[in-house]
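# Remarks on the overall topology
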Amino acid sequence: MSHVTYLKLEGKTFGFWMLLAVLAGVVAVGLGAALYMEHNGHWVTGMNNQIVWGTPHVFAVFLIVAASGALNVASIASVFGRQLYKPLSRLSGLLAVALLVGGLMVLVLDLGRPDRLTVAMTYYNFKSIFAWNIILYIGFIVVVAVYLWMMFERRFNEYSKPAGLAAFLWRLILTTGTGSIFGFLVAREAYSSALLAPMFIILSFAYGLAIFILVLMSAVAWSGRTLGDVTLNRLKNLLGVFVASVLYFVVVYHLTNLYMTGKHDVERFILLDGGVYTRMFWIGQILIGGVLPLVLLFSPLSRSRGMIVLAALLVVLGGLAQMYVTIIGGQAFPMPLFPDKIVSSSFADGVVAQYAPSLPEVLLGVGGIAIALLLTAYAIRVLPFLPQSLADADVDPHHGQG
Amino acid sequence: MNINRRQFLALGGAAAAATLAPGLRLIELAQARSPEEAAAAAHRWGLLIDANKCADGCTACVDACFTENGVTGHGRPATDAQWIRKVTLKDKQTGQVQSLPLMCQHCEHPPCVDVCPTGASFKRIDGIVLVDKHICIGCRYCMMACPYKARSFIHEDTTGQKAHAPRGKGTVESCTLCVHKVDRGDGTTACAEACRQAGHQAILFGDLKDPASEISKRLATQPSQQLRADLKLNTGIRYQGL
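What you see is a predicted model, and the numbers here were worked out from it, not measured in a lab. (Residues numbered from 1 in each chain as written. Chains lettered and ligands numbered in written order. Predicted model: local features only at pLDDT ≥ 70, side-chain atom pairs only at ≥ 80, totals over all residues.)

### Looking at the confidence of the model for chain B
In plain terms, the rule: Note on scores: pLDDT gives the predictor's confidence for each residue, bounded by 0 and 100. Placing a C-beta atom from the backbone of each residue, one calls two residues in contact when those atoms lie within 7 Å.
When pLDDT is averaged along chain B, the result is 90; 86% of the residues meet or exceed 70. Between residues 25-36 of chain B, whose pLDDT stays under 50, and residues either more than four places distant or in other chains, the model counts nine contacts.

See below:
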């Protein structure tokens, strides 16, 4: 295929404006929830001095991880030269930026002092992985924007490969940084592992592609365009491989911990008797986010497009569950201050920390997803992000030639 | 509303510039930050806590700290701040029970300072670990990193603040080792003084770098330990009798 025609979304239908209105409404509710939490202080949330990162972080980290993964489709085309993915590159770049903006919005609005955003951008402690991430996140938006520009502007098309390579390397570093936010925490049993960085990269592959498939299928269907089986099957199989890789990493991570006697307690907590965290792990992360999608994607069920949509949705839900187990479960497990003692205090020492998500936290998190989708929907209306057709004959000139 | 591509890119460019411009000043600002001038590297302030002398059920140190620093709560234990807390330990093998006060351990290599994105968590040259309330953005990463759970987030509006211990909703705080008293030359902290007045003398304040100080003499001659010594943070708070 030598040339792809991209077209803006017509975007004049009632349905399209309704979609924008609903998304904007969800964003507004999320912003209202943030205002409520900031005005009253964080005591109105489920968070406390033991669980300091709550549901907003679950959504924010999920979105940020998914953002870097959403860029994968473009990378496969630009960096690894797979022509089939080329028509999808623009949407891939757009989603990457939109998801990151959504995640950052949630992260910033959950700060104790979101009004000090300028402080976060002007005072840097370069030993802090968090400070690196601020630079990595802003830089990612810039790098991907340049990459998109190279793809849009025909006379710059030849530069899209180096720009794509830069964006690909940047996203690898970015997700390494996100994983290391937890990996570098030596004090807590559930973290403190170099494995978290590569694991977050593989998580990003799965989360990002799942969201990409959902957005692509919706956009194509609602705009009356065609998405052929060749493209969809390729994406579907790729998602299956990523989901399997996630399971592999999760197994290795827990096996490593299980081999270390010192980590038995935290493993018992997550895998056996951690209550909501154990259920969230087995039912949410493993069953809903891993096993079921694999069955749906690799069995004859996957001939139905509805099943592919369901599988992608389950990967998203499982991903949120995985973030919940990682972020909140990791904090709930008591820190080992005095290894040989039974510890008690008025500050929840020695006991599993209590946390229940509050409504405002959830609304803020969902608002982050909504703003990402709102930006995406609006952008594909004003700029030609979507190819005119992804029909088999258009994406694969050899299609039908055996 | 119709925006053509040129306008879209121009808007995007302006937004990117507005986002990035502050970041470009970062190196200049990082270099411009001056260390506290009153503190001196000749000192390293710390505490020696003798768990054997600490009375079970006594909270004199906690009460004195909260009074001294205006640490008031709202009757909500999960979210109220605790700069210092009494911890009860029961030996898993023998059943022996002990209690001791736990607060910021004023590490030489504090994880909270390492992870703080803005540098709001900082260590004075004399070893006291503090939070700069002006540049704390309330991200709470320091609370994730602290192995001692020494820090509290201010979850709601505060009342009864002391001029020497400003507190602000949405920022993180912890034991300051009564830095205002140290700088004034009081030679003690509120907790150590209260413990002495209660007749227990379980907390001793002093200069770890002064070989003539009582704390240095006791550390040189008696066994003591750091909490989570495996992390090699070289804490300024030392314990005996554990």
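### A word on the pairing of strand S3 (residues 97-103) of chain B
Here is the key point about a regular strand: its side chains alternate between the two faces of the sheet. Residue and element names in this part refer to chain B. Here is the rule we go by: Labels follow a simple rule on C-beta atoms placed from the backbone: if 20 or more others lie within 10 Å of a residue's own, it is buried; if 12 or fewer, it is exposed; otherwise it is partly exposed. Strands are runs of DSSP state E lasting at least two residues, helices are runs of H or I lasting at least four, and both sets are numbered from the N terminus onward. Note: two strands are recorded as paired if DSSP finds a minimum of 2 bridges between them.
Of all seven residues that make up S3, five are buried, and the element is covered over most of its length. In terms of strand pairing, strand S2 (residues 84-91) meets S3 through seven bridges, oriented antiparallel. Within the sheet, the bridge partner assigned to Thr 88 lies in S3 and is Ser 99. Taking the residues between adjacent antiparallel strands as the criterion, S2 and S3 are bridged by five residues, where Gly 95 takes a positive phi near 80°.

### Here's the deal with the interface of chain A and chain B
Put simply, the rule reads: When residues are sorted by character, Ala, Val, Leu, Ile, Met, Phe, Trp, Tyr, Cys and Pro go into the nonpolar class, Asp, Glu, Lys and Arg into the charged class, and all the rest, Gly among them, into the polar class.
Contacts between the two partners involve 48 residues from chain A, matched on the other side by 57 residues from chain B. Among the elements of the structure, helix H5 (117-122), helix H6 (129-152) and strand S2 (341-345) of chain A are those that each provide at least two residues to the side of chain A that touches chain B. Considering each element in turn, the side of chain A that touches chain B owes the most residues, eight residues, to H6(A). Looking at side-chain class alone, the side of chain A that touches chain B contains 28 nonpolar, 14 polar and six charged residues. Examined bridge by bridge, S2(A) and S2(B) share five bridges and lie antiparallel to one another.

### Description of the packing of helix H8 (residues 196-222) of chain A against helix H9 (residues 229-259) of chain A
Residues and elements named next belong to chain A. To keep it simple, the criterion reads: Between N-to-C directions, angles cover 0 to 180 degrees, with each direction set by a line fitted to C-alpha atoms, over the stretch in contact for helices. Orientation labels follow simple angle bins: below 35 degrees gives roughly parallel, above 145 gives roughly antiparallel, 65 to 115 gives roughly perpendicular, and whatever is left gives oblique. Crossings are classed by handedness, with left-handed meaning an anticlockwise turn of the near helix from the far one by less than a right angle and right-handed meaning a clockwise turn.
It is at 9 Å that the axes of H8 and H9 come closest, and there the two elements cross at 150°. Relative to H9, the element H8 is oriented roughly antiparallel. In this structure, the crossing between H8 and H9 has a hand that is left-handed. Of H9, the residues touching H8 (which contributes Met 199, Ile 202, Leu 203, Phe 205, Ala 206, Leu 209, Ala 210 and Ile 213) are Leu 235, Leu 238, Leu 239, Phe 242, Val 243, Ser 245, Val 246, Phe 249 and Tyr 253. Broken down by class, the residue content of the contact of H8 with H9 amounts to 16 nonpolar, one polar and no charged.

### Concerning the packing of helix H2 (residues 55-70) of chain A against H8(A)
Residue and element names in this part refer to chain A. Packing of H2 against H8 brings their axes to within 6 Å, and their N-to-C directions diverge by 80°. Taken together, the axes of H2 and H8 are roughly perpendicular relative to one another. For the pair H2 and H8, contact is made by Phe 62, Val 65, Ala 66, Ala 67, Ser 68, Gly 69 and Ala 70 and by Phe 200, Leu 203, Ser 204, Phe 205, Ala 206, Tyr 207, Gly 208, Leu 209, Ile 211 and Phe 212, respectively. Tallied by class, the residues present in the contact of H2 with H8 amount to 13 nonpolar, four polar and no charged.

### Overview of the sheet that holds strand S9 (residues 237-240) of chain B
All names here are of chain B. One open sheet accounts for three strands, arranged S8-S1-S9; its pairing is mixed. Both edges of this open sheet fall to strand S8 (203-207) and S9, since each of them pairs with a single strand only. Put simply, the sheet's adjacent strands are angled 20° from each other on average, direction ignored. Here strand S1 (residues 45-50) pairs with S8 via five bridges, running antiparallel. Residue Leu 48 lies in a different strand from S8, and its bridge partner there is Leu 204. Against the sheet, helix H7 (residues 190-197) engages S1 and S8, with an angle of about 135° to S8. Set on the sheet, helix H8 (residues 214-221) makes contact with S1, S8 and S9; between it and S8 the angle comes to about 105°.

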